[in-house]
Amino acid sequence: MSDAQSGLGQILATTPVIPVIVLDDADLALPLAHALLRGGLRVLEVTLRTPAALAALRTMRQLADAIVGAGTVLNPEQYDEAVGAGAQFVVAPGLTGALAAAAARSRVPLLPGTATASEVMRARDAGFHVMKLFPAEAVGGVATLKAFASVFADVRFCPTGGITAETAPDYLALRNVACVGGSWMTPADAVTARDWNRIEQLAARACALRR
Ligand code: 3PG
């Protein structure tokens with residue numbers, strides 16, 4: 001495992017939950033990140049799904065307390081853009097050969113997405129031992145992770161997709177789960193309304209979901 005990849009395990013070990021952030025307005029990046037930090041969540045994932053994403057990522061990187069990654073990275077070009085904007089880790093919904101090669105030559109680690117045993121095997125062969133399970137609920141969630149635990153003893157997961165404050169504890173109780181990801185701490189209506197208190201409270205509840 002590369003130094004960059006082992007650094008990823010350390011990042012994920014610092015938090016029970018990674019908020020998955022979709023932002024249309026980069027001007028909201030700073031107050032949103034502040035609210036999440038006040039709630040106790042330090043590891044943040046900004047998805048590259050909107051034109052504002054790279055600017056939002058760059059802005060959040062000004063906060064010394066935050067560890068900011070880029071999500072929804074689909075190809076090496078986006079990997080490079082994310083690193084250029086200051087991403088400290090990169091998250092992909094799956095894994096391609098091109099992305100694995102980009103990760104191998106980067107100092108910034110990749111959290112690749114997997115959904116099946118064969119995908120876990122391919123990611124493992126490519127040197128990854130920490131993976132996202134995506135979309136977690138749709139591919140069997142807790143039951144799938146329990147089955148993977150007995151066959152992939154050296155792999156840990158960050159399940160993401162369809163997880164809620166109510167279901168997160170079931171995931172966090174599994175020994176092969178490093179942390180979970182989700183968007184429930186940053187509901188679109190709260191972001192639009194600039195309801196930072198609500199987001200801080202949701203973050204604090206998520207932060208209290210200790211392993
Ligand atoms: C995503 O890709 O948006 C993440 O998996 C978050 O999923 P969620 O909105 O179901 O939490």
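The sections below set out a description of the structure shown in this document. Everything numeric in this text was worked out from a predicted model, so none of it was measured.

1. Considerations on the packing of aromatic side chains
Aromatic ring pairs: the centre-centre distance and the angle between the two ring planes describe each pair. All told, the structure shown has two aromatic pairs when counted by the stated rule. Pairing Phe148 with Phe152 gives two aromatic rings, centres 5.5 Å apart and planes at 70°, and the pair type is edge-to-face. Each member of the pair, Phe148 together with Phe152, is buried. Ring pairing ties together the aromatic residues Phe148, Phe152 and Phe157, which thus form one cluster.

2. With respect to the side chain of Thr47
Mapped onto the elements, Thr47 comes out in strand β2 (residues 43–47). For Thr47, a relative accessible area of 0% puts it in the buried group.

3. Some remarks on the pairing of strand β8 (residues 156–159)
Where strand β7 (residues 130–133) lies against β8, four bridges are found, and the strand directions are parallel. Among the inter-strand pairings, Met131 is bridged to a residue of β8, identified as Phe157. Considered for its hand, the β-α-β crossover made up of β7, helix α7 (residues 141–151) and β8 is right-handed.

4. Observations regarding the sheet that holds β7
Pairing within the open sheet is parallel, and its three strands lie in the order β6-β7-β8. Among the strands making up the open sheet, the edge pair consists of β6 (113–114) and β8.

5. Description of the sheet that holds strand β1 (residues 17–21)
A sheet is described by the order of its strands in space; here six strands give the open sequence β5-β4-β3-β2-β1-β9, paired in parallel fashion. In this open sheet, the two edge strands, each paired with only one partner strand, are β5 (110–111) and β9 (180–182). Bridge analysis of β2 against strand β3 (residues 67–71) gives five bridges, and the strand direction is parallel. Looking across to β3, one finds that Val43 is bridged to Ile67.

Conventions used here
Residues numbered from 1 in each chain as written. Predicted model: local features only at pLDDT ≥ 70, side-chain atom pairs only at ≥ 80, totals over all residues. Heavy atoms only, no water. Phe/Tyr/Trp six-rings, centres within 6.5 Å; stacked < 30°, edge-to-face > 60°. Buried < 20%, exposed > 50% of the residue type's maximum accessible area, 1.4 Å probe, protein only. Helix = DSSP H or I, 4+ residues; strand = E, 2+ residues; numbered from the N terminus. Pairing = 2+ DSSP bridges. Right-handed = clockwise from strand over helix to strand, strands pointing away.

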